[in-house]
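# A look at the structure
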Amino acid sequence: MEKQSSELEQKLRDVEYNYKTIEENICEAALKSGRKREDIIFLAATKTVAPDVINHAIACGLRYIGENRVQELLSKYDEYDLARCDLQFIGHLQSNKVRQIIDKVSLIQSVDSVKLANEVARQAKLHNKIQDILIEVNIGNEESKSGVDAEKLEELLYNASQIEGIKVRGLMTIPPICEEKPEICKYFENMHRLFIDISGKKIDNISMDYLSMGMSDDYREAIMCGANMVRVGSALFGKRFYKEC
Ligand SMILES: *Cc1c(COP(=O)(O)O)cnc(C)c1O
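Below: a short report on this structure. (Residues numbered from 1 in each chain as written. Predicted model: local features only at pLDDT ≥ 70, side-chain atom pairs only at ≥ 80, totals over all residues. Heavy atoms only, no water.)

## What to know about the pairing of strand S7 (residues 206-212)
With five of seven residues buried, S7 lies mostly within the body of the structure. Pairing of strand S6 (residues 166-173) with S7 involves four bridges; the strand directions are parallel. Bridge assignment links Leu-171 to a residue of S7, and that residue is Leu-211. The parallel pair S6 and S7 is bridged by helix H7 (residues 181-201), and the resulting crossover is right-handed. (Buried < 20%, exposed > 50% of the residue type's maximum accessible area, 1.4 Å probe, protein only. Helix = DSSP H or I, 4+ residues; strand = E, 2+ residues; numbered from the N terminus. Pairing = 2+ DSSP bridges. Right-handed = clockwise from strand over helix to strand, strands pointing away.)

Here it is in structure tokens:
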């Protein structure tokens, strides 16, 4: 028992240290890209992380968390300190699971089809809410990834703009894994260009408030390329250990 509790204490100290470091890095990247710290949202990707540890990060100042599996979100839901923190959904979402999270999340970052948008809207209406969403873009055109291809984005946005019950608030992406920073920056820049182009089109019911991109290894670069929301997991919580399921 004693060993366990001191391990947890060490873990919490690490999270606190990491939190401060990431905050400083975000602040620096924000300033370097001509913005203020408050202009950037630091969302923690909390998959596999125990609620105790997440709540410690919230006590340190964290204000946004994102889960990417429905089952995991539900199993942890009652334990999150949501009085001080906003819960979002950032993972691949199947239409038949939307109803399980619709009343629990402020933003669904991963809508990539009309079918999913319609189901989110349908469930939102049942709960008398308008669900904020981001459209996930497959900026690297990867076969294996979810997200809409860049060429199909505009069509999806026009369709989404007609759907009552949802509000598109911006774009999200997970770029291909890149060995080199300049390579990943190219994807971030392409996303930023789409974000700006679409803002300029002033489509009804579509606002480009959030550009969600950048993870532990590249959130600084993403901010430099225009991201205003980063999703950081392992740099805050340490390496993930997946349980077989
Ligand atoms: C896990 C995850 C992240 C964070 O990944 P890290 O590399 O650990 O920072 C960001 N976005 C999504 C959608 C994720 O699932």
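## So, the pairing of strand S8 (residues 229-232)
Side-chain alternation along S8 places Met-229 and Arg-231 on one buried face and Val-230 and Val-232 on a second face that is also buried. Summarising the sheet, strand S1 (residues 41-45) and S8 pair through four bridges and their orientation is parallel. Following the sheet pairing, Ile-41 is matched in S8 by Met-229.

## Points about the site of the ligand
Taken together, Ala-45, Lys-47, Asn-68, Ile-90, Ile-174, Met-215, Ser-216, Arg-231, Val-232, Gly-233, Ser-234 and Arg-240 are the residues near the ligand. Ser-234 is positioned with one of its backbone polar atoms (N or O) 2.8 Å from an oxygen atom of the ligand. Note that an oxygen atom of the ligand is positioned 2.8 Å from one of the side-chain N or O atoms of Arg-240. Counted by class, the shell around the ligand contains five nonpolar, four polar and three charged residues. (Near = heavy atom within 4 Å. Polar contact = N/O pair within 3.5 Å; in protein donor to acceptor, adjacent residues only side chain to side chain. Nonpolar A, V, L, I, M, F, W, Y, C, P; charged D, E, K, R; others polar.)

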